[in-house]
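Next come the chains, spelled out residue by residue.
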Amino acid sequence: MKQLPALARVFAYVSVLTVGGGMAAFPELKTLTVDVHKWLTLQQLIHLYSVGQMAPGPKMMMVVPIGEWVAGLAGAVVVLLAFFGPTAVLTLIVGRVWNRLAQWRWTTSIQKGLAPVSIGLLLAGSLTVAKGAVTDWITAAVALGALVILLLRSVSPAILVLGGAVVGALVFFPK
Amino acid sequence: MLKGVAAASTGLVLATIVQLGEKSLTYISDFLFVVVTVLAVNRLHQSVPRVLLSVGLIAVLWYRPRQESAHRKP
């Protein structure tokens, strides 16, 4: 229970960093949850994110189990509200203001300028995940395979993740 | 099993970023801002807000409204 304020603080803060997508905040999420508070390991965080890819709804719903691990059901509720509340309010406000600023000269500049930075943040986040997820030539082949298939064909991401699970089960199953 | 799931997810996220980049990145300067952002976060271990504010501000100023674009309008 005494972890609830920390959970609220961390996830509300990480929430507003998700510029371009949840992955943009992954390095900060990793620093705070793994390195600073030690609520889970990097592997656990990566596995949560990976399973979140298969689940319906927002991928970043995977943060909710962190709250559950740390402080039970109350922790899960606090994380859910802290993570999705601020961005929902912020999006509402910015969306309304943005429509009014359609004619402002700087609107295009802000959009053009923030696009590459948000892609850079997404890439930085995915590289953080890759460091922990791609550890040998088999995992590298699975990652590369998923990347190439998705770029060339229109395949449901869930099928690829399930394919990865099958490969993982066959190759890494303890003998 | 989770090792395979994590690896596939990595490929999935990278594919999303590539597709997003194809739509959003046009100029060489765009790619430069992507590289600077990645290096700042992953190599220099700067915090996301700091990178967002510093590189974001420079990028917005880089694409600031130019005088000539105002002249183009009839």
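Calculation notes
Residue numbers restart at each chain and count upward from 1, following the sequence in its written direction. Just so you know, chain letters begin at A and ligand numbers begin at 1, following the order they were written in. Confidence filtering applies because this is a predicted model: local features only for residues at pLDDT of at least 70, side-chain atom pairs given and counted only at 80 or more, and all residues used for totals across whole chains, interfaces and linings. Side-chain metrics rest on all non-hydrogen atoms present in the structure, leaving aside hydrogens and water. Contacts: residue pairs with any heavy atoms within 4.5 Å of one another. Buried area: the accessible area, evaluated with a 1.4 Å probe, that two parts lose upon being put together, summed over both parts. Criterion for a salt bridge: a side-chain nitrogen of Lys or Arg within 4 Å of a carboxyl oxygen of Asp or Glu. Two N or O atoms count as a polar contact when they lie within 3.5 Å, although within protein this holds only if one can serve as hydrogen donor and the other as acceptor, and sequence-adjacent residues are included solely when both atoms are side-chain atoms. A helix here means a DSSP run of H or I that spans at least four residues, while a strand means a run of E at least two residues long, and both kinds are numbered starting from the N terminus. Confidence scores per residue from the predictor, reported as pLDDT, run from 0 to 100. The span one expects for a helix is its residue count, reduced by one, times 1.5 Å. The buried label goes to any residue with under 20% of its type's maximum accessible area, the exposed label to any with over 50%, and the partly exposed label to all in between, with areas taken from a 1.4 Å probe on protein chains only. What the arc describes is the spread of directions from the helix axis to the C-beta atoms. Centres within 6.5 Å make a pair out of two Phe, Tyr or Trp rings, where for Trp the six-membered ring is used; the pair is then stacked when the planes are under 30 degrees apart, edge-to-face when over 60, and tilted otherwise. Patch definition: residues with relative accessible area over 30% and no salt bridge; like charges joined within 9 Å; nonpolar side chains (Val, Leu, Ile, Met, Phe, Trp, Tyr) joined within 5 Å. Per-residue and other accessible areas were derived by the Shrake-Rupley procedure at a 1.4 Å probe size, with only the shown protein chains allowed to occlude residues.

**Thoughts on the interface of chain A and chain B**
On the side of chain B, 44 residues touch chain A, which itself brings 52 residues to the contact. In total, chain A and chain B occlude about 4200 Å² of area from one another, counting both sides; carbon and sulfur atoms represent 80% of this. On inspection of chain A and its partner chain B, the count reaches zero salt bridges. Seen at the junction of chain A and chain B, the total is four residue pairs in polar contact (both at pLDDT 80 or more). Looking at the side of chain A that touches chain B, the elements that each hand over two or more residues are helix H2 (26–36), helix H3 (42–54), helix H5 (106–133), helix H6 (137–152) and helix H7 (157–172) of chain A. Ranked by the residues each element gives to the side of chain A that touches chain B, the list is headed by H5 of chain A, at 22 residues.

**Examining the confidence of the model for chain B**
Residues and elements named next belong to chain B. The predicted model of chain B has a mean per-residue pLDDT of 87, with 91% of residues at 70 or higher. Averaged pLDDT values over the elements of chain B bottom out at 54 in helix H4 (residues 67–72) and peak at 94 in helix H2 (residues 28–43). Note on residues 70–74: pLDDT is under 50 here. Beyond four places in sequence and across chains, it has zero contacts. Predicted complex metrics record ipTM = 0.88 and pTM = 0.84.

**Here we look at H7 of chain A**
With 16 residues, H7 of chain A should cover 22 Å at 1.5 Å per step; its first-to-last C-alpha distance of 22 Å lies within 8% of that length. If you check which residues of H7 of chain A are buried, you get Leu160, Val161, Gly164, Ala165 and Gly168 of chain A. Buried positions in H7 of chain A, seen along its axis, are confined to an arc of 150° and lie on one side of it. Seen from the buried face of H7 of chain A, the exposed residues on the opposite side, beyond 90 degrees, are Ile159 and Leu170 of chain A. Against H3 and H6 of chain A together with helix H1 (2–24) of chain B lie the buried residues of H7 of chain A.

**So, the packing of aromatic side chains**
All names here are of chain A. What the rule picks out here adds up to seven aromatic pairs over all chains. Pairing Phe11 with Trp39 gives two aromatic rings, centres 6.3 Å apart and planes at 15°, and the pair type is stacked. Of the two residues, Phe11 is situated in helix H1 (residues 4–15) and Trp39 in the loop between H2 and H3; the sequence distance between them amounts to 28 residues. This pair shows no difference in class: Phe11 is buried, exactly as Trp39 is. Between Phe11 and Phe83 the ring centres are 6.4 Å apart and the planes differ by 75°, which places this aromatic pair in the edge-to-face class. Here the residue Phe11 occupies a position in helix H1, and Phe83 occupies one in helix H4 (residues 64–100), the gap between them amounting to 72 residues. Comparing Phe11 with Phe83, the two get one shared label, buried. Cluster of aromatic residues (ring-pair linked, three or more members): Phe11, Trp39, Phe83 and Phe84.

**So, the side chain of Thr10 of chain B**
Looking at the element boundaries, Thr10 of chain B is found in helix H1. Among residues more than four places away in sequence, those in contact with Thr10 of chain B are Ser126, Val129, Ala130, Ala133, Val134 and Ala143 of chain A.

**Considerations on the environment of Trp106 of chain A**
The topology assignment puts Trp106 of chain A in helix H5. Accessibility expressed as a relative area gives 27% for Trp106 of chain A, which makes it partly exposed. Setting aside anything within four residues of it in sequence, one finds Trp106 of chain A in contact with Val60, Leu61, Arg64 and Pro65 of chain B.

**Here we look at unusual backbone geometry**
The phi torsion of most residues other than glycine is negative, and most of the peptide bonds are trans. Here Lys38 of chain A, not a glycine, exhibits a phi torsion of approximately 55°, which is positive. By the element assignment, Lys38 of chain A lies in the loop between H2 and H3. One non-glycine residue, His45 of chain B, adopts positive backbone phi at about 55°. Tracing the backbone shows His45 of chain B in the loop between H2 and helix H3 (48–62). Look at His45 of chain B and you get exposed, because its relative accessible area is 63%.

**Some thoughts on a nonpolar patch on the surface**
Taken together, the side chains of Leu144, Val148, Leu151 and Leu152 of chain A together with Val18 of chain B define a hydrophobic patch exposed on the protein surface, amounting to about 430 Å² of accessible area. Looking at where Leu151 of chain A falls in the secondary structure, it is placed in helix H6.

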